[in-house]
Amino acid sequence: MTKRFLAAAAFVLLSSTVSATDIGTTFETACPFGDCAAGISLSYLGEFVIPTGHMENGVEFGGISGLDFDAATGHYIAISDDRSERGPARFYELDVDLDASGLKGVSVVKQVTLKEKNGEPFAARTVDPESIRLGKDGIYWGSEGDGKALLAPFVRVASPDGSFFREFKLPEGFAPTEDKSTGIRDNLAFEDLAIAPSGDVFVGVEAALYQDGPKSSLTSGSLSRIVRYDGATGEPKAEYVYPVSPIPQAATKADGGNDNGMSEILALDDHRLLAVERSYAQGFGNNIKIMLMDLTDATDVSAIVSLAKNDQRIVPVRKSQVLDLRAIGLVPDNIEAMSLGKAKDGTDVLILGSDNNFSTSQKTQFYAFKVLSRPQQ
């Protein structure tokens, strides 16, 4: 895995004397995979926090698990992972007050209720919204499902008012099973959604399906699948293996838990995507790393029933680390949302957002970066 960080004025970015909290600090990954045309350069624009407990239209704001930019309005759409418990399953339209001088604020423009196929709001705990993108024919969004309740994950397209429009086909082997022999793990399922310029849709699983091997540990990673869909038909086209890294940090709390998974993906073009690897260790907090992946030459594993019981040669996606938020001086919360967009002055930006889990010990956190350069075709 290539790990190259360059400061704007020095090569000491990772030393204790350098802090990303300074607006304008630049981070560059020059040649991931040894391919300088795939280089990424970002300049830090700041952080904005909405405290847990903030209310909008009588409903608690939080659980931000997906984010996307709407060029028509200049605003962002953001989905809440509230399982229709604090309020109806919903997404927000957000105004992000951001320009080249920094991130100044995030405010809610409106709140939209997501609807079931029958036109009614989702009943409590029948849905787990985790991802959202603006597509050619509506708002694409994903539900993680519920492994314990044997509730299958899904990807649907909604109208701007939240009404059901259509649903994508769930590939074989993803539905949860009572004996946990196959299918999604509970709370480690459809977490990621991206739309390529071609219209193809990518859906990522946070950690390995049961039949594909274990979830990440401190000593080994996990083989997640990324499903590639034909966005127009909702039919699966291919599946790829994304190797989630081992958990980078042990819990510092006695008998504390820890994990690592892929919490979001974002398409840069038809074969290169950014991925968020989000880990948590009790007593320590979150580690957030942004990876660049390349699907070129990756094996289509859609016909392979089990990655753990397979004798075929498999080439996973190539990945390279481009940003480690803690290493650049930030203290990230539970980052699950990522979007490219435009600032008020037209600056190209990358926005990250966190899911506060509606917990008073967490916060809804937004980070902004100016995009100085990105992979070229």
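Residues numbered from 1 in each chain as written. Predicted model: local features only at pLDDT ≥ 70, side-chain atom pairs only at ≥ 80, totals over all residues. Heavy atoms only, no water.

Draft legend 1. Focus on the overall build of the protein chain. Per the secondary structure count, the protein chain includes zero helices and 23 strands. Taking 21 Å as the expected radius of gyration for a compact globule of 377 residues, we find that the protein chain reaches 19 Å, a close match to that expectation. Dimensions of the protein chain, computed from the C-alpha atoms along their principal axes, are close to 55 × 55 × 50 Å. By residue count, 56% of the 377 residues in the protein chain fall in the buried class. A sequence separation of at least 24 residues applies to 59% of the contacts in the protein chain between residues at least 6 apart. (Helix = DSSP H or I, 4+ residues; strand = E, 2+ residues; numbered from the N terminus. Rg over C-alpha atoms; globule rule 2.2 N^0.38 Å. Buried < 20%, exposed > 50% of the residue type's maximum accessible area, 1.4 Å probe, protein only. Contact = heavy atoms within 4.5 Å.)

Draft legend 2. Highlighting the nonpolar core. Ranked by size, the top nonpolar core spans 25 residues in total, and within it L274, I290, L323, L325 and F369 carry the most contacts. Broken down by secondary-structure element, the contributors of at least two residues to this core are β2 (40-51), β18 (272-281), β19 (285-294), β20 (318-324), β21 (335-342), β22 (348-354) and β23 (363-373). Not counting chain neighbours up to four residues away, the residues in contact with L325 comprise I288, L330, P332, I335, L352, Y367 and F369. Core analysis: the next-biggest nonpolar cluster, separate from the first, contains 21 residues, F61, L67, V96 and V108 among them. (Core = buried A, V, L, I, M, F, W, Y, C linked by side-chain atoms within 4.5 Å.)

Draft legend 3. Examining the sheet that holds β19 more closely. Overall, antiparallel pairing links the four strands, which are arranged β17-β18-β19-β20 in an open sheet. Pairing within the sheet leaves two strands with one partner each, and these edge strands are β17 (258-267) and β20. The average angle at which neighbouring strand axes cross in this sheet is 30°, direction not considered. Pairing between β17 and β18: nine bridges, direction antiparallel. By the bridge assignment, L266 is partnered in β18 with L274. (Pairing = 2+ DSSP bridges. Axes fitted to C-alpha atoms, helices over the stretch in contact; angles between N-to-C directions.)

Draft legend 4. Main features of the environment of Y240. Among the secondary structure elements, Y240 is positioned in strand β16 (residues 235-244). The spacing of Y240 and G353 is 113 residues in sequence and 26 Å in space, taken between C-alpha atoms. Here R228 takes part through its side chain, which lies 3.4 Å from a polar atom of the side chain of Y240. (Polar contact = N/O pair within 3.5 Å; in protein donor to acceptor, adjacent residues only side chain to side chain.)

Draft legend 5. Focus on the sheet that holds strand β14 (residues 201-205). In space, the four strands of this open sheet follow the order β13-β14-β15-β16, with antiparallel pairing throughout. Single-partner strands in this sheet number two, and they are β13 (190-195) and β16. The mean inter-strand angle of the sheet, taken between neighbouring strand axes irrespective of direction, is 20°. Pairing of strand β15 (residues 222-230) with β16 involves nine bridges; the strand directions are antiparallel. Paired with S222 across the bridge in β16 is V244.

Draft legend 6. Layout of the side chain of R225. Mapped onto the elements of the fold, R225 is located in strand β15. For R225, a relative accessible area of 3% corresponds to the buried category. Only 2.8 Å separates the side chain of R225 from the backbone oxygen of I304, close enough to count as a polar contact.

Draft legend 7. Quick look at unusual backbone geometry. The phi dihedral of N57 is positive, around 55°, even though this residue is not glycine. By the secondary structure assignment, N57 is in the loop between β3 (55-56) and β4 (59-60). Here the phi dihedral of D297 falls at roughly 70°; this positive angle occurs in a residue that is not glycine. Following the sequence through the fold, D297 ends up in the loop between β19 and β20.

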